[in-house]
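Residue-level listing of the chains:
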Amino acid sequence: MRSGNFSDDFKRDAVAQITERGYRVAEVSKRLGVSQHSLYAWRRKFSKPSVSTDDDQAAEIRRLKNELARVTEERDILKKATAYFAKDAR
């Protein structure tokens, strides 16, 4: 294994190979010449937290459900109005 300091970009790219592309840590370690221990430490440091993503998705789902309920109610009101005015036209 080679020793030395690696740039943050290099570390992020190495972590991306593990987290986003699905490569095994041992494979990336061997290919890049970095210890597995370093890769695990970089993953803890640079990987995106999944908790905030779950919170963001839950908030988006709540917002979309509320919007769907509002639009559905508007549609139902317009259906009733159309039926009412169609009855008057006869």
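Residues numbered from 1 in each chain as written. Predicted model: local features only at pLDDT ≥ 70, side-chain atom pairs only at ≥ 80, totals over all residues. Heavy atoms only, no water.

Peer 1: Give me the lowdown on the overall build of the protein, citing residues and values where you can.
Peer 2: What the protein contains, in helices and strands, is four helices and zero strands. Taken from the N to the C terminus, the helices and strands of the protein come in the order α-α-α-α. Radius of gyration (C-alpha) of the protein: 27 Å, far over the 12 Å computed for a compact globule of 90 residues. For the protein, the spread of C-alpha atoms along the principal axes amounts to about 85 × 20 × 20 Å. Across the 90 residues that make up the protein, the buried fraction comes to 17%. Nonlocal contacts in the protein, meaning residues at least 24 apart in sequence, comprise 51% of its contacts between residues at least 6 apart. For the protein, the distance from the average position of its 20 positive side-chain charges to the average position of its 14 negative side-chain charges is 6 Å. (Helix = DSSP H or I, 4+ residues; strand = E, 2+ residues; numbered from the N terminus. Rg over C-alpha atoms; globule rule 2.2 N^0.38 Å. Buried < 20%, exposed > 50% of the residue type's maximum accessible area, 1.4 Å probe, protein only. Contact = heavy atoms within 4.5 Å. Lys, Arg positive; Asp, Glu negative; His and termini not counted. Charge placed at Lys NZ, Arg CZ, Asp CG, Glu CD.)

Peer 1: Requested: an account of the side chain of Gln17, with residues and values cited.
Peer 2: For Gln17, the position within the fold is in helix α1 (residues 8–19). Here the side chain of Gln17 touches Arg31 through a polar contact of 2.8 Å, side chain to side chain. Apart from the residues lying within four places of it in its own chain, the contact partners of Gln17 are Gly22, Tyr23, Val28, Arg31 and Leu32. (Polar contact = N/O pair within 3.5 Å; in protein donor to acceptor, adjacent residues only side chain to side chain.)

Peer 1: How would you summarise the pattern of salt bridges if you had to cite specific residues and measurements?
Peer 2: Scanning the model with the defined rule gives five salt bridges in all. A salt bridge links Arg63 to Glu67; its shortest N-O distance comes to 3.1 Å. Within this pair, Arg63 and its partner Glu67 are both found in helix α4 (residues 50–89), separated by four residues, close to a single helical turn. We classify Glu67 as partly exposed; its relative accessible area is 33%. The partner of Arg75 in a salt bridge is Asp76, with the nearest N and O atoms 2.9 Å apart. Taken together, the shared-partner salt bridges connect Glu60, Arg63 and Glu67 into one network. (Salt bridge = Lys/Arg side-chain N within 4 Å of Asp/Glu carboxyl O.)

Peer 1: Pulling in residues and values, what's your account of the packing of helix α2 (residues 25–32) against helix α3 (residues 36–46)?
Peer 2: The geometry of α2 relative to α3 is characterised by a closest axis approach of 9 Å and an angle of 115 degrees between their N-to-C directions. Taken as axis vectors, α2 and α3 run roughly perpendicular relative to one another. Taken as a pair, α2 and α3 cross one another with a handedness that is right-handed. Contacts between α2 and α3 pair Val25, Ala26, Val28 and Ser29 from the former with Gln36, Leu39, Tyr40 and Arg43 from the latter. A class-by-class count of the residues in the contact of α2 with α3 yields five nonpolar, two polar and one charged. (Axes fitted to C-alpha atoms, helices over the stretch in contact; angles between N-to-C directions. Parallel < 35°, antiparallel > 145°, perpendicular 65-115°, else oblique. Left-handed = near helix turned anticlockwise from the far one by under 90°. Nonpolar A, V, L, I, M, F, W, Y, C, P; charged D, E, K, R; others polar.)

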